[in-house]
Amino acid sequence: MITKINILSQIIKNENETTELFYGLLSYKPFRVALINLFTGSSENSEFVTWDDIYLQKHLQINSDKFIPDLSILNHNISILAEIKTDPRTKLTDNQPKTYMDWLANKNKSKH
């Protein structure tokens, strides 16, 4: 984490603490609306998201592949999976992007 420009660097030390901060902030509707708008390009679906739709380290599965996104927002109207990275040297695993995209595509198919 770059400490020169991060005002929270003395409080939040790692990715888990950053994830917990975002999780806590999502309990506030204005933050939740802004984040959903950032991810989806629209705040339209944010009206249907409640605190019960927000998950920290939720275990998910597609076929035999199990995975645990850091942060998830999931209900009948919206599906957001987020992997929080704070260190530019930390990369996604080879499996993460494909598994996440496959799961989202499968979930989207089941809606129709």
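Here, every reference points to the structure presented above.
Residues numbered from 1 in each chain as written. Predicted model: local features only at pLDDT ≥ 70, side-chain atom pairs only at ≥ 80, totals over all residues. Heavy atoms only, no water.

S.K.: How should the sheet that holds strand E1 (residues 54–56) be read in this particular structure?
M.R.: Backbone hydrogen bonds hold the strands of a sheet together, and the pairing may be parallel or antiparallel. Taken in spatial order, the 3 strands line up as E1-E4-E5 in an open sheet, and their pairing is antiparallel. Because the sheet does not close on itself, it has two edges, and the strands there are E1 and strand E5 (79–82). Averaged over all neighbouring strand pairs, the angle between strand axes comes to 10°, with direction disregarded. As defined by bridge partners, E1 adjoins strand E4 (residues 71–74) across 3 bridges and the pair is classed as antiparallel. (Pairing = 2+ DSSP bridges. Helix = DSSP H or I, 4+ residues; strand = E, 2+ residues; numbered from the N terminus. Axes fitted to C-alpha atoms, helices over the stretch in contact; angles between N-to-C directions.)

S.K.: Would you take a moment to explain helix H2 (residues 29–40) for this structure?
M.R.: Residues spaced three or four apart along an α-helix point in a common direction, a consequence of the helix completing one turn every 3.6 residues. Between its first and last C-alpha, H2 extends 16 Å over 12 residues, near the 16 Å set by a 1.5 Å rise per residue. All of the buried residues along H2 are Arg32, Leu35 and Ile36. Looking straight down H2, one finds that the buried residues subtend no more than 100° of arc, so they occupy a single side. H2 presents Pro30 and Leu38 as exposed residues on the side facing more than 90 degrees away from its buried surface. Taken together, the buried residues of H2 touch E1, E4 and E5. Note on H2: the residue one or two positions beyond its end, Gly41, has a positive phi of about 85°. (Expected span 1.5 Å × (residues − 1). Buried < 20%, exposed > 50% of the residue type's maximum accessible area, 1.4 Å probe, protein only. Arc of directions from axis to C-beta. Contact = heavy atoms within 4.5 Å.)

S.K.: I tried to follow the side chain of Thr19 on my own but got confused; where do I start?
M.R.: Residue position: Thr19 is located in helix H1 (residues 15–25). The exposure class of Thr19 is buried, given its relative accessible area of 2%. Discounting chain neighbours no more than four positions away, the residues touching Thr19 are Leu56, Asp70 and Ile84.

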